[in-house]
Amino acid sequence: PVSTYGNADVAPLLIEGPPPAILHVLRSRKVIRETKIAPDLSVESRNLTVLASHIFGRQVAEMAHQQSANLVWLRLADGGLAAMVYDMEQQGIGTTRQPLPGGFKVESLACAPSPDGGDVVMISVARTKGAATQRRIWRLAGREEGVFVDAAGAYNGAPVSEVGGLAHLEGEVVAVVADGARVRNQTVAGGKVKLPTAASKVTVGLPMQRRF
């Protein structure tokens, strides 16, 4: 025992230092504390959520550490998603909400090693559309992949003038990038979208909603 703070039933994160840090969620689920234990067993602890009560007031249900990006991803109790910059070396801490499109909510999340030596974020999402519940597993694309839409699907191959496999987005307005060029928003009909010009590399997804 190193503190008298009670913890919520949320798995803590062990983040290497030196000294190593433990990030743990308090009983209210509205506070994440950082606890460091030095080799001489002295303990330091601080609240990481003071400046983001508008986010943490929604309560933390799950955490995952993306080490390669110095990010802690947070599943909120209401199904929302947030990301906390946690950079011990540069003393950088900050949290932002990540709006999800189309009524999707996060059910679980995890980070796993990727082939390039980094790590990849995977989230399980669900939404109700009509009478059906849709579930998907989304992977956070790397910056170099150039995927600038949410809930994206990609086609690579011979040039085509339409892209299918979009039945889950039937009737919705989607954003399209074809061979690097933005195509005006299209509506999915019959599980497909049509392109004004044939393209060999196409990304289709829901428009991102970001506010700075």
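Above: the structure in question.
What counts, and at which threshold
- Residues numbered from 1 in each chain as written.
- Predicted model: local features only at pLDDT ≥ 70, side-chain atom pairs only at ≥ 80, totals over all residues.
- Heavy atoms only, no water.
- Pairing = 2+ DSSP bridges.
- Helix = DSSP H or I, 4+ residues; strand = E, 2+ residues; numbered from the N terminus.
- Axes fitted to C-alpha atoms, helices over the stretch in contact; angles between N-to-C directions.
- Salt bridge = Lys/Arg side-chain N within 4 Å of Asp/Glu carboxyl O.
- Buried < 20%, exposed > 50% of the residue type's maximum accessible area, 1.4 Å probe, protein only.

Draft legend 1. Quick peek at the sheet that holds strand β6 (residues 71–76). Read across the open sheet, the 4 strands follow the order β5-β6-β7-β8; overall the sheet is antiparallel. Unpaired on one side and paired on the other, β5 (60–66) and β8 (92–97) mark the two borders of the sheet. Across this sheet, the average inter-strand angle for adjacent strands is 20 degrees, counted without regard to direction. The pairing of β6 with strand β7 (residues 81–87) spans 5 bridges and is antiparallel. Within β7, the residue paired with Arg 75 across the bridge is Leu 81.

Draft legend 2. Region of the structure containing the pattern of salt bridges. Applying the stated rule across the entire model yields 8 salt bridges. The shortest N-O distance in the salt bridge between Arg 46 and Glu 34 comes to 2.6 Å. Here Arg 46 is found in strand β4 (residues 43–47), whereas its partner Glu 34 is found in strand β3 (residues 32–37), with 12 residues between them in sequence. The exposure class of Glu 34 is buried, given its relative accessible area of 4%. Residues Lys 129 and Glu 172 are paired through a salt bridge, measuring 2.8 Å at the closest nitrogen-oxygen approach. Linking Lys 129 in strand β10 (residues 119–129) with Glu 172 in the loop between β12 (150–163) and β13 (173–178), this pair joins segments that are 43 residues apart in sequence.

Draft legend 3. The sheet that holds strand β15 (residues 193–206), seen in detail. With antiparallel pairing, 4 strands are arranged side by side in an open sheet as β12-β15-β13-β14. The open sheet terminates on both sides in strands that have one partner only, identified here as β12 and β14 (181–187). Looking at each pair of strands side by side, their axes are set apart by 30 degrees on average, direction ignored. Both β13 and β14 contribute to a ladder of 5 bridges, which runs antiparallel. Within β14, the position partnered with Val 173 by the bridge is Thr 187.

Draft legend 4. Here's a closer look at unusual backbone geometry. Positive phi values are uncommon outside glycine, yet Gln 91 reaches one of about 55 degrees. Take Gln 91: it is sitting in the loop between β7 and β8. Even without a glycine there, the phi angle at Ala 151 is positive, about 50 degrees. As for its position among the elements, Ala 151 is in strand β12.

Draft legend 5. Quick look at the pairing of β4. Of the strand pairs in this sheet, β3 and β4 are connected by 5 bridges, and their pairing is antiparallel. Residue pairing for β4: Ile 37 is matched across the bridge by Val 43. Connecting the antiparallel pair β3 and β4 is a turn made up of 5 residues, with Leu 41 showing a positive phi of about 70 degrees.

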